[in-house]
Amino acid sequence: MSTIRFVTPDGLPAFLAHLSQNGRRVLVPVEKPANKRSVVFEPWQEGKPFTMEKATVPAKEAVLPQCETLVRYKKTKDPDNLERVTMSLDDKPEAQPTVVFACRPCDARGYAVLDRPYLKGPYADPYYKARREQLAVVTLTCGSGCNTCFCHWVGGGPTSPEGSDVLMTEIEGGYVLQAITPKGEELLANSSLAEGAELFHKAEAARKEAWASLVPAPNIKSAPEKVAARFTDTQFWQDQTDRCISCGACTYFCPTCYCFTITDEGEGLSEKGGRRLRSWDNCMSSLFTREASGHNPRMLKAFRMRNRVSHKYSTYPENWGAFSCSGCGRCISNCPVCVDIRAIVLAAIDDGTDDKKSTDK
C-alpha cells in the first residue's frame, strides 16, 4: 500500500509549513470577499486564513501563467559598423517549485489534459515543462457534486486520482492523505503527519458515498463522432449559441483551455530592450482567428462555439483519446447567460439513434 497519513484540521497549518520548506510556493484556496464572493488560489503565508472550499477558478496559473515572458531580447549596434546589429536573447524558463493544495479532482485532471499537447506532442513546451516538473498536486476529494458538476460524464469522478500526487479525503476528525505518485510519497514520507493506514477504510467509505450521491451520467461515448457530424450544421450551432455574448468567461475559468496569444513589448534597440510575452487568449473572442490578411474564418459566434465544443469533445479526443473537459462546471456556473455545454453536447448527440438513458459512470 502507498504511504497513508492523517492530519486534523488544526494540523493543516503545520503541514503547509512543511510543504513550503526549501523555497517551495504553496498555493491554497483563499476566500475573497468582493461584490461576488470568490475563492482563488494564492500563495500560503503563515497565519493567513485559507479555506477547503472548491475554488471559483482553477489553479491553472501554476503551470500556465496568465501572462509570462518567453524571451527577453536586446539589440546592440556595432560602434565600428553601425549597419551591423547583434541580438542577445534570454529565454530561460522561470519555474519555482510549487505545491497546489486542496484543489479538486476536476482541477487535477485539468493538468493531465494540458500535459498532452504541451509535453507529449512532437515538441515539448520548455516553459510549461519546467513548471510542470516542479509541481506537486495535493487534491481534496469531493464529498458530493453540485448541480453544475459533471466530472463523471467525462471519465473522472469525485475521487479521481488522475493528475494528483496526493489524494486527500475528509473523514470525521480530519483528513486521510494517500500518496499517488513517487512525488506524493516524498511529500508525505518526509512530513511529521501521523500514520493513517488504520483510517484508510473510512476514506474509502467516504469516497464510495461521494460516488453514490451523483446523478447518473448519460452515455456520451459517441460524442466525438456525433459532434464532428454536426460540424457543417450551421443552424444547429446558431441555435445553441443564441444567448452567448462572447465574453470568454467559459474559457478563462476552464482548467483545460490553453489558447494563448504572443505579443512583443519594449524596444529592442534601447538599453532596456524588449520581451516576448505569452498571454491567455480565448477562441470565443471574435478576433482570435483573424488572419494577417484580414480574413476571419470564425466571424460568427456560432462558429466560435462550434470550435470550442468540437475541440473539447471531438478533435482533442481524436488526437489524445480523452475529452478535453474535466467536468468542473465552472463554464456553466460563471456564464452570465447560463449557456450549458452539457446541453450542447447532448443536443449534438441526439440524432434519434443514441440511448441517452443508459448510464456510464
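Residues numbered from 1 in each chain as written. Predicted model: local features only at pLDDT ≥ 70, side-chain atom pairs only at ≥ 80, totals over all residues. Heavy atoms only, no water.

Chemist: Would you mind going over the pattern of salt bridges with me for this structure?
Modeler: For the structure shown, the criterion picks out 17 salt bridges. Two residues, K48 and E42, come together in a salt bridge whose shortest N-O distance is 2.9 Å. Among the residues examined, K48 registers a relative accessible area of 27% and is labelled partly exposed. As a salt-bridge pair, D264 and R276 come within 2.7 Å of each other at their nearest N and O atoms. Linking D264 in strand β11 (residues 260-267) with R276 in strand β12 (residues 273-280), this pair joins segments that are 12 residues apart in sequence. Within this structure, E68, D125, R131 and R278 form a network of salt bridges that share partners. (Salt bridge = Lys/Arg side-chain N within 4 Å of Asp/Glu carboxyl O. Buried < 20%, exposed > 50% of the residue type's maximum accessible area, 1.4 Å probe, protein only. Helix = DSSP H or I, 4+ residues; strand = E, 2+ residues; numbered from the N terminus.)

Chemist: Sorry if this is basic, but what is going on with the packing of helix α9 (residues 301-320) against helix α11 (residues 341-349) here?
Modeler: In helix packing, the relevant descriptors are the interaxial angle and the interaxial distance, both defined with respect to the helix axes. The contact between α9 and α11 brings their axes to 11 Å, and the two run at 80°. Taken together, α9 and α11 sit at an angle that is classed as roughly perpendicular. Across from M305, R308, V309, K312 and Y313 in α9, the residues of α11 making contact are I341, I344 and V345. Of the residues in the contact of α9 with α11, the class split is 6 nonpolar, no polar and 2 charged. (Axes fitted to C-alpha atoms, helices over the stretch in contact; angles between N-to-C directions. Parallel < 35°, antiparallel > 145°, perpendicular 65-115°, else oblique. Contact = heavy atoms within 4.5 Å. Nonpolar A, V, L, I, M, F, W, Y, C, P; charged D, E, K, R; others polar.)

Chemist: Got a minute to help me understand the sheet that holds strand β7 (residues 135-140) in this structure?
Modeler: Neighbouring strands of a sheet are bound in pairs by backbone hydrogen bonds; such pairs are parallel or else antiparallel. One open sheet accounts for 8 strands, arranged β3-β2-β6-β7-β8-β9-β1-β10; its pairing is mixed. On the outer flanks of this sheet lie β3 (38-43) and β10 (194-195), each paired with one strand and no other. Examined bridge by bridge, strand β1 (residues 4-7) and β10 share 2 bridges and lie antiparallel to one another. Bridged to F6 within β10 is A194. With respect to the sheet, helix α2 (residues 105-119) is in contact with β6 (98-103) and β7, its orientation differing from that of β7 by roughly 150°. (Pairing = 2+ DSSP bridges.)

Chemist: What is the right way to read the nonpolar core from this model?
Modeler: In summary, soluble globular proteins display a tendency toward joint burial of nonpolar side chains. Within the largest apolar cluster, 27 residues are counted, with the highest numbers of intra-cluster contacts made by F150, V154, I220, V309 and Y313. Of all the elements in the fold, those that place two or more residues in this core are α6 (223-229), α7 (234-241), α9, α10 (330-333) and α11. Examining the composition of this core, we find that 5 residues originate from one element, α11, more than from any other. Not counting chain neighbours up to four residues away, the residues in contact with V309 comprise V227, W237, S314, I341, I344 and V345. (Core = buried A, V, L, I, M, F, W, Y, C linked by side-chain atoms within 4.5 Å.)

Chemist: Sorry if this is basic, but what is going on with the confidence of the model for the protein here?
Modeler: Reading predicted coordinates in detail is not appropriate for stretches of low pLDDT. With 96% of its residues at a pLDDT of 70 or more, the protein shows a mean pLDDT of 93. Across residues 355-361, confidence stays below pLDDT 50; counting only partners more than four residues off in sequence or on other chains, it has 15 contacts. (pLDDT = per-residue confidence, 0-100.)

Chemist: Teacher, can you tell me more about the environment of V39 here?
Modeler: By secondary structure assignment, the location of V39 is in strand β3. Separated by 145 residues in sequence, V39 and G184 place their C-alpha atoms 25 Å apart. Residues contacting V39, with those up to four places away along its chain left out, are P29, V30, E31, T51, E53, K54, A55, T56 and V57.

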